[in-house]
Amino acid sequence: MNESIAVRMDGITKRFGSVIANDRVSMDIRYSEILSILGENGSGKTTLMNMLAGIYYPDEGFLYVNGKEVTITSPHDAFELGIGMIHQHFKLIDVFTAAENIILGMKGEKRTYNIDEVNQKVKEICDRYGFDIDPKMKVYEMSVAQKQTLEIVKILYRGANILILDEPTAVLTPQETEKLFNILRQMRKDGKAIVLITHKLNEVLELSDRVTILRKGQYITTIPTPVANEQILTEAMVGEKVTLDIERPDPVNPQKRLSVKHLTVVNQERIKALDDVSFDVYSGEILGVAGISGCGQKELLEAIAGLQNIESGGSVEYYDKDGNTKELVGVSPREIRNYGVHLSFVPEDRLGMGLVGSMGMTENMMLKDYDKGRSPFLNRSESSKLADEIKSELDVVTPSIDTPVRKLSGGNVQKVLVGREIAAEPAILMTAYAVRGLDINKSYTIYNLLNEQKKKGVAVIYVGEDLDVLMALSDRILVLCAGHVNGVLDARTASKEEIGLRMTNLVKEEA
Amino acid sequence: MKKNQFEKPHDSIKEPLVHIIKREDVPAWEAWGIRIVAVVLGMMVCALFIQGITDLNPFKVFGSMFNGALGSSSRIWQTLKDMALLLCISLGLAPSFKMRFWNVGAEGQILIGGLVSAALMIRFGNSMPSGILLMIMAGVSILAGAIWGLIPAYFKSRYNTNETLFTLMMNYVALQLVEFFVDIWDKKQSHSVGVINSSTKGGWMPYLFKQQFFLMVLIVAVLTIGMYFYLKQSKQGYEIAVVGESENTARYAGINVAKVIRRTVAISAGICGFAGFLEVSSVSHTISSLTAGGRGFTAIIVAWLGKFNPFAMTLISALLTFMSRGANQIASDFNFNKHASSILTGIILFFILGSEFFINYKLVFRKHGKEAA
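From a predicted model like this one, the values you see are computed outputs, not experimental measurements.

Colleague: I'd like a description of the overall build of chain B, backed by residues and values.
Modeller: Regarding its fold elements, chain B presents 13 helices and two strands. The principal-axis extents of the C-alpha atoms in chain B amount to approximately 100 × 65 × 35 Å. Looking at chain B as a whole, 42% of its 373 residues qualify as buried. Within chain B, contacts between residues separated by at least 24 positions form 80% of all contacts whose residues are at least 6 apart in sequence.

This is the structure we're talking about:
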């Protein structure tokens with residue numbers, strides 16, 4: 001019985017300043033098993049596993065690997081114990097080949113290495129688990145899925161028996177996810193201990209043998225997957241009953257608000273981030289934008305908001321309520337606002353772009369209209385009034401409206417940002433990854449806010465990562481694939497498979 | 001807990017004795033407490049140093065330090081003058097640093113401001129009413145400093161060049177220019193300009209209440225208050241803060257980032273140029289390559305330690321000036337090597353800078369807690 005226990009954690013505590021990331025967590029990881037660690041963002045899943053991988057060092061508690069107490073102070077220690085972790089952000093060197101990345105940082109007996117031997121060993125690992133990877137390929141030529149595969153091979157090459165994967169499916173299409181799951185099943189058969197950090201319930205149910213649930217840094221329970229279902233898991237995760245339905249009212253009297261034609265954007269690497277994109281946006285509807293990450297979503301929204309250089313020939317026309325049109329291409333963000341065009345833009349990088357982290361709510365409220373009026377000095381009274389309103393209406397948890405927003409939790413930061421954009425009474429509301437980093441309840445708050453705007457007749461553009469949510473919330477879904485519009489589908493009838501397919505494979509658009 | 005079924009720890013386990021944790025929300029009183037403790041500790045190390053090297057009574061030495069900085073009315077004024085100059089330069093640096101534009105070119109900006117002031121004094125000192133000349137000198141020195149800052153700022157905003165290297169290099173250009181003109185203006189082959197207009201006092205800052213430096217101190221005090229409101233309350237100050245935090249956010253908010261960079265650095269360097277004018281017109285009445293005297297670098301410390309808050313910066317520059325004047329006094333009172341007294345200043349500075357570590361981080365000694373659960 002003890003043979004099968006790979007890792008035992010006993011009373012592990014980790015604090016960051018006054019925040020307790022993990023509070024006396026005790027749990028087991030077993031060989032020949034896939035264990036899911038489920039919890040909302042900020043529940044301490046990644047921190048806990050980082051301590052196993054040698055990234056952090058626990059403040060208190062004991063770690064046992066294969067029955068022996070150990071201290072892990074560096075990733076090297078972890079590797080020597082056979083523990084490998086695949087992080088959400090890949091740790092690869094772009095200009096190196098796959099094989100070079102694999103042996104990077106390994107302590108060999110000799111000073112030199114034989115690349116042919118490495119290639120041979122990599123090939124063996126690939127054949128065994130069905131990986132598809134070319135050891136001589138450079139990392140910058142690889143797709144996201146290939147990079148992830150490389151990370152896994154890298155860890156196996158170092159002889160890891162305990163693998164930790166941090167939200168591995170976040171960057172994958174449904175098809176790639178299925179492939180990854182098959183590989184993980186194969187590894188389980190091989191006797192390896194696999195830990196999957198996730199907050200997606202369907203993955204947990206599909207793949208794992210046991211589920212360990214964390215909430216607010218504390219260990220809640222471990223459930224064998226066969227007796228679990230979505231409702232049980234959600235309640236354990238959130239700590240209260242939640243309803244999992246997203247409302248989708250029918251659009252009322254849709255009118256054309258925005259007409260995007262032949263939009264092409266070239267990014268800093270001189271690659272076309274958007275290639276001849278055309279579509280229309282209507283009032284009173286939510287237009288979902290789907291696509292694997294980095295397919296031009298960011299550039300699309302920024303182009304409409306006036307933050308990107310648009311190649312000649314493209315046009316973005318805004319239709320106001322009386323049917324007058326205004327061209328937005330070539331106009332600065334401030335001028336767009338002065339036109340009376342209300343584009344409210346919730347950027348994907350909240351603290352890097354939408355808000356100023358070191359400032360409080362009040363000062364963030366005036367980010368876009370601080371220069372109103374002639375006085376050379378700031379007028380804080382209106383902003384602080386607005387900050388107070390948003391704080392009470394959206395239940396923003398903050399010690400005061402002057403606390404730097406950087407210190408607020410992800411959900412509250414998001415509320416501040418969305419609240420400010422909605423307060424501007426937009427005609428068009430664009431959001432990118434509006435619920436990224438939010439727990440389930442707060443995500444639903446945001447969905448409700450978007451729906452309210454939709455009912456008011458606002459045209460909402462919603463860029464999302466979770467296909468299930470996109471399909472439940474949107475009226476139409478625009479699929480982006482490598483900068484192209486790869487179809488606009490009716491969200492009420494489209495299937496997940498079809499969207500997934502369009503995310504990866506360009507199809508000829510039928511008229 | 002079935003812990004006993006597991007083996008006892010290996011002997012070879014390497015237990016880190018201590019690790020470092022970032023701390024947040026340190027209350028202001030605690031932060032200042034830590035800083036005061038640091039100064040006291042620094043003084044104690046200084047005392048040990050004095051005792052160990054010279055066998056002098058440390059208290060006497062500290063007494064002489066105090067005496068040197070504040071011992072008489074004229075010494076107080078000297079200290080005030082040094083402090084005002086240092087503070088003026090720091091006030092200039094504050095806006096560019098707040099915008100995360102690392103202007104290390106204050107030395108050059110001071111020199112160039114001083115140089116044009118001296119040039120105007122030499123050219124018009126005997127032909128123009130002193131009041132008007134002073135106004136023109138102030139204006140032109142601000143302009144000259146601003147241009148000296150605008151050059152790197154333009155390249156930064158246009159081509160994203162590294163401003164630290166650029167501003168640093170501009171210092172040497174200014175230095176060479178000053179030496180060049182000193183040679184031209186030097187009539188006695190003495191490698192110095194000498195006191196300019198010593199008889200007519202054209203372009204000299206007038207005495208107020210019989211004090212040479214009263215007007216200068218007053219101007220810097222007004223500037224301090226002005227800078228506080230500029231950074232905290234004005235729209236331009238807001239823009240500086242946003243650009244400093246993130247250029248992307250600034251662009252998103254519709255701020256013209258390039259314009260803000262240029263404007264802010266021009267203001268910043270202009271104030272440094274103005275400090276050069278103060279030095280020449282009010283203090284030395286001459287120009288040399290030593291006019292800036294390293295204050296442009298000391299001011300960086302002042303701006304940082306004061307967290308770009310003009311009032312905190314006033315305190316810091318007071319402390320630094322007090323120490324350096326005190327150190328000079330020790331040197332003359334006890335026949336100290338001048339470098340030995342700089343060591344004392346260095347020790348105290350080291351402790352003050354080091355205290356910032358303990359304000360931002362804390363050390364945690366691992367307790368191998370028996371039963372954590």
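Further notes follow.
Colleague: Requested: an account of the overall build of chain A, with residues and values cited.
Modeller: Of the regular secondary structure elements, chain A holds 17 helices and 20 strands. What you see for chain A is a C-alpha radius of gyration of 25 Å, in line with the 24 Å of a compact globule of 511 residues. When burial is assessed residue by residue, chain A has 47% of its 511 residues classed as buried. In chain A, of all internal contacts separated by at least 6 residues, the share reaching a separation of at least 24 is 68%.

Colleague: Describe the domain arrangement of chain A, with residues and values.
Modeller: Residues and elements named next belong to chain A. By the assigned domains, chain A splits into domain 1 (2-238) and domain 2 (256-504). The distance between the C-alpha centroids of domain 1 and domain 2 comes to 34 Å. On the domain 2 side, the residues contacting the eleven residues of domain 1 number 15 residues. For the side of domain 1 that touches domain 2, the per-class residue count stands at five nonpolar, five polar and one charged.

Colleague: Describe in detail the packing of helix 5 (residues 130-159) of chain B against helix 10 (residues 257-284) of chain B, supporting the description with residues and values.
Modeller: Residue and element names in this part refer to chain B. For the pair helix 5 and helix 10, interaxial distance at closest approach is 6 Å and the crossing angle is 140°. On the basis of their axis angle, the class for helix 5 and helix 10 is oblique. The chirality of how helix 5 crosses helix 10 is right-handed. Considered class by class, the residues forming the contact of helix 5 with helix 10 number 18 nonpolar, nine polar and two charged.

Colleague: Which residues make up the pairing of strand 4 (residues 60-65) of chain A, and what values go with them?
Modeller: All names here are of chain A. Here strand 1 (residues 5-16) pairs with strand 4 via five bridges, running antiparallel. Across the sheet, residue Asp10 finds its bridge partner in strand 4, namely Phe62. Here strand 4 runs beside strand 5 (residues 68-70); their pairing, made up of three bridges, is antiparallel. Counterpart to Tyr64 in the pairing with strand 5 is Glu69. In this antiparallel pair of consecutive strands, strand 4 and strand 5, the connection spans two residues, and Asn66 shows a positive phi of 50°.

Colleague: Tell me what's going on with the pairing of strand 7 (residues 162-166) of chain A, and back it up with residues and numbers.
Modeller: Residues and elements named next belong to chain A. When you tally the buried positions in strand 7, you get five out of five residues, the bulk of the element. Here strand 7 shows two buried faces, one formed by Ile162, Ile164 and Asp166 and the other by Leu163 and Leu165. Looking at chain direction, strand 6 (residues 83-86) and strand 7 are connected through four bridges and run parallel. Within strand 7, the position partnered with Met85 by the bridge is Ile164. Where strand 7 and strand 8 (residues 193-198) come together, five bridges link them in parallel fashion. Residue pairing in the sheet places Asp166 in a bridge with Ile197 of strand 8. Handedness of the crossover joining strand 7 and strand 8 through helix 6 (residues 174-189): right-handed.

Colleague: If you had to explain the confidence of the model for chain B to someone new, which residues and values would you point to?
Modeller: Residue and element names in this part refer to chain B. Residue-level pLDDT values for chain B average 84, and 92% of them are 70 or greater. Highest mean pLDDT in chain B belongs to helix 10 (93); lowest belongs to strand 1 (residues 18-22) (71). Below pLDDT 50 for its whole length, residues 1-12 participates in ten contacts with residues either more than four positions away or in separate chains. Across residues 369-373, where pLDDT falls below 50, the model places nine contacts with residues more than four positions away in sequence or in other chains.

Colleague: So what's going on with helix 5 (residues 144-157) of chain A? Residues and values would help.
Modeller: For the α-helix, the turn length of 3.6 residues means that residues three or four positions removed from each other point alike. Residue and element names in this part refer to chain A. For helix 5, with 14 residues, the first-to-last C-alpha span of 20 Å sits near the 20 Å given by 1.5 Å per residue. Burial runs high along helix 5: ten of the 14 residues are buried. Listed in full, the buried residues belonging to helix 5 are Ala145, Gln148, Thr149, Leu150, Glu151, Ile152, Val153, Lys154, Ile155 and Leu156. In the core, the buried residues of helix 5 are packed alongside strand 6, helix 3 (98-103), helix 4 (115-129), strand 7 and helix 6. Where helix 5 ends, the next residue or the one after it, Gly159, has phi of about 80°, a positive value.

Colleague: An account of the nonpolar core is needed here, citing residue identities and associated values.
Modeller: One broad rule of soluble globular proteins: the nonpolar side chains tend to lie buried together. In this structure, Ile164(A), Val195(A), Tyr462(A), Cys88(B) and Ile89(B) are the most contacted members of the largest nonpolar core, which totals 238 residues. For this core, the element with the highest residue contribution is helix 10 of chain B, accounting for 13 residues. Beyond its immediate sequence surroundings of up to four residues, Ile164(A) is in contact with Met49(A), Leu52(A), Ala53(A), Met85(A), Ile86(A), Val195(A) and Ile197(A).

Colleague: Go over the sheet that holds strand 11 (residues 256-266) of chain A, please, and point to the residues and values.
Modeller: Residues and elements named next belong to chain A. Pairing within the open sheet is antiparallel, and its four strands lie in the order 12-11-14-15. Edge positions in the open sheet fall to strand 12 (272-282) and strand 15 (325-327), since each of these has one partner strand only. Within the sheet, the average angular offset between the axes of one strand and its neighbour, ignoring direction, is 15°. Of the pairings in the sheet, the one linking strand 11 to strand 12 comprises seven bridges and is antiparallel in character. Bridge pairing links Val260 to Phe279 in strand 12. This element, helix 9 (residues 297-305), spans strand 11, strand 12 and strand 14 (315-319) of the sheet and lies at about 65° to strand 12.

Colleague: Tell me what's going on with unusual backbone geometry, and back it up with residues and numbers.
Modeller: Residues and elements named next belong to chain A. One non-glycine residue with positive phi stands out, namely Ser32, at about 55°. Along the chain, the position of Ser32 falls in the loop between strand 2 (19-30) and strand 3 (33-38). Its 15 C-beta neighbours within 10 Å are what place Ser32 among the partly exposed residues.

Colleague: How would you sum up the packing of helix 3 (residues 73-98) of chain B against helix 10 of chain B? Please name residues and give values.
Modeller: Residue and element names in this part refer to chain B. Orientation of helix 3 relative to helix 10, taken along the N-to-C sense of each, is 165°, at an axis distance of 6 Å. Regarding the angle of helix 3 to helix 10, the classification is roughly antiparallel. The handedness of the crossing between helix 3 and helix 10 comes out as left-handed. Only Thr264, Val265, Ile267, Ser268, Ala269, Ile271, Cys272, Ala275, Leu278, Glu279 and Val283 of helix 10 make contact with helix 3, whose side of the interface consists of Lys81, Leu85, Cys88, Ile89, Leu91, Gly92, Leu93, Pro95 and Ser96. For the contact of helix 3 with helix 10, the class distribution of residues is 14 nonpolar, four polar and two charged.

Colleague: I'd like to hear about the environment of Lys91(A), residue by residue, with values.
Modeller: Looking at the secondary structure, you find Lys91(A) in the loop between strand 6 and helix 3. Remark: the alpha-carbon pair of Lys91(A) and Asn101(A), spanning ten residues in sequence, is separated by 9.2 Å.

The rules behind each value
- Residues numbered from 1 in each chain as written.
- Chains lettered and ligands numbered in written order.
- Predicted model: local features only at pLDDT ≥ 70, side-chain atom pairs only at ≥ 80, totals over all residues.
- Helix = DSSP H or I, 4+ residues; strand = E, 2+ residues; numbered from the N terminus.
- Buried ≥ 20, exposed ≤ 12 C-beta atoms within 10 Å, placed from the backbone.
- Contact = placed C-beta atoms within 7 Å.
- Rg over C-alpha atoms; globule rule 2.2 N^0.38 Å.
- Domains from an automatic or database assignment.
- Nonpolar A, V, L, I, M, F, W, Y, C, P; charged D, E, K, R; others polar.
- Axes fitted to C-alpha atoms, helices over the stretch in contact; angles between N-to-C directions.
- Parallel < 35°, antiparallel > 145°, perpendicular 65-115°, else oblique.
- Left-handed = near helix turned anticlockwise from the far one by under 90°.
- Pairing = 2+ DSSP bridges.
- Right-handed = clockwise from strand over helix to strand, strands pointing away.
- pLDDT = per-residue confidence, 0-100.
- Expected span 1.5 Å × (residues − 1).
- Core = buried A, V, L, I, M, F, W, Y, C linked by C-beta atoms within 7 Å.

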